[in-house]
Amino acid sequence: MVLNSLIKKELAEEIPAEPGAPVWREDEDGNALTLRATSAAYGALGIVADTGADTGSEEEPATDMADQPETSPESPDTATEGQPVRKMRQGTKQEALIVMLKRPEGASIAEIMEATDWLAHTIRGAIAGALKKKLGLTITSEKVEGRGRTYKIAD
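Residues numbered from 1 in each chain as written. Predicted model: local features only at pLDDT ≥ 70, side-chain atom pairs only at ≥ 80, totals over all residues. Heavy atoms only, no water.

J.: Residues and numbers for unusual backbone geometry, please.
T.: Phi angles above zero are rare outside glycine, and Glu 10 is one such case at about 60°. Judged by relative accessible area, Glu 10 falls into the exposed class, the value being 59%. (Buried < 20%, exposed > 50% of the residue type's maximum accessible area, 1.4 Å probe, protein only.)

Structural data, given as structure tokens:
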């Protein structure tokens, strides 16, 4: 049903299937058909250039947003250790977490739980996954008397 909807909206089109290519369906004459995205689909996804679906030479490699490095407010057009730096989203709990961790005193799990309504395991996962791995931030932690373990973004 989803694929039929994409065809009706002209985001996908049926074309004859090459030998060895996945077959979407067979037409009335028994010819194998496959699907490909149209230029309208690439435009809707924000992809810079189409893959030659409607025009263009097959010899030119397609480029899309996945091939383009992402930029961050701290370092536009740069990447850490060959990895693209992800762009921070504005007005999110993740942004609030980053603001808390940038404070000189950092933030404890309890303080972050209160500010974001997240559970402790969610906070630890966000620090390890989104902040460290995806955004490439360096997070330090230390045990502070009276506050417990606090986390902050290293300078």
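J.: Account for the pairing of strand β3 (residues 32-37), naming residues and giving values.
T.: In terms of strand pairing, strand β1 (residues 12-16) meets β3 through five bridges, oriented antiparallel. Bridge pairing in β3 links Ile 15 to Thr 34. Where strand β2 (residues 25-26) meets β3, two bridges bridge the pair, whose relative direction is antiparallel. Paired with Arg 25 across the strands is Leu 33, a residue of β3. (Pairing = 2+ DSSP bridges. Helix = DSSP H or I, 4+ residues; strand = E, 2+ residues; numbered from the N terminus.)

J.: I'd like a rundown of the nonpolar core, residues and numbers included.
T.: Core analysis: the biggest nonpolar cluster contains 16 residues, and Leu 97, Leu 101, Ile 112, Ile 127, Leu 131 and Ile 139 have the highest contact counts within it. Of all the secondary-structure elements, those providing two or more residues to this core are α3 (93-102), α4 (109-116), α5 (120-134) and β8 (148-153). (Core = buried A, V, L, I, M, F, W, Y, C linked by side-chain atoms within 4.5 Å.)

J.: Which residues make up the confidence of the model for the protein chain, and what values do they have?
T.: Within the protein chain, residue pLDDT values average 79, and 73% of them lie at 70 or more. Mean pLDDT per element in the protein chain: strand β4 (residues 79-80) is the minimum at 48, and strand β6 (residues 107-108) is the maximum at 94. Considering only residues more than four positions removed or in separate chains, one finds that residues 53-67, a stretch of pLDDT under 50, has 20 contacts. Under a pLDDT of 50 for its full length, residues 71-80 has, in the predicted model, 16 contacts with residues more than four places off or in other chains. (pLDDT = per-residue confidence, 0-100. Contact = heavy atoms within 4.5 Å.)

J.: Quick rundown of the packing of α3 against α5? Include the residues and the values.
T.: The geometry of α3 relative to α5 is characterised by a closest axis approach of 12 Å and an angle of 95° between their N-to-C directions. Relative to α5, α3 is oriented roughly perpendicular. The segment α3 lies against α5, with Gln 94, Leu 97, Ile 98 and Leu 101 engaging Ala 126, Ile 127, Ala 130 and Leu 131. The class makeup of the residues in the contact of α3 with α5 is seven nonpolar, one polar and no charged. (Axes fitted to C-alpha atoms, helices over the stretch in contact; angles between N-to-C directions. Parallel < 35°, antiparallel > 145°, perpendicular 65-115°, else oblique. Nonpolar A, V, L, I, M, F, W, Y, C, P; charged D, E, K, R; others polar.)

J.: Please give an account of the side chain of Thr 150 that cites residues and values.
T.: Tracing the backbone shows Thr 150 in strand β8. Apart from the residues lying within four places of it in its own chain, the contact partners of Thr 150 are Glu 105, Ala 107, Ser 108, Thr 140, Ser 141, Glu 142 and Val 144.

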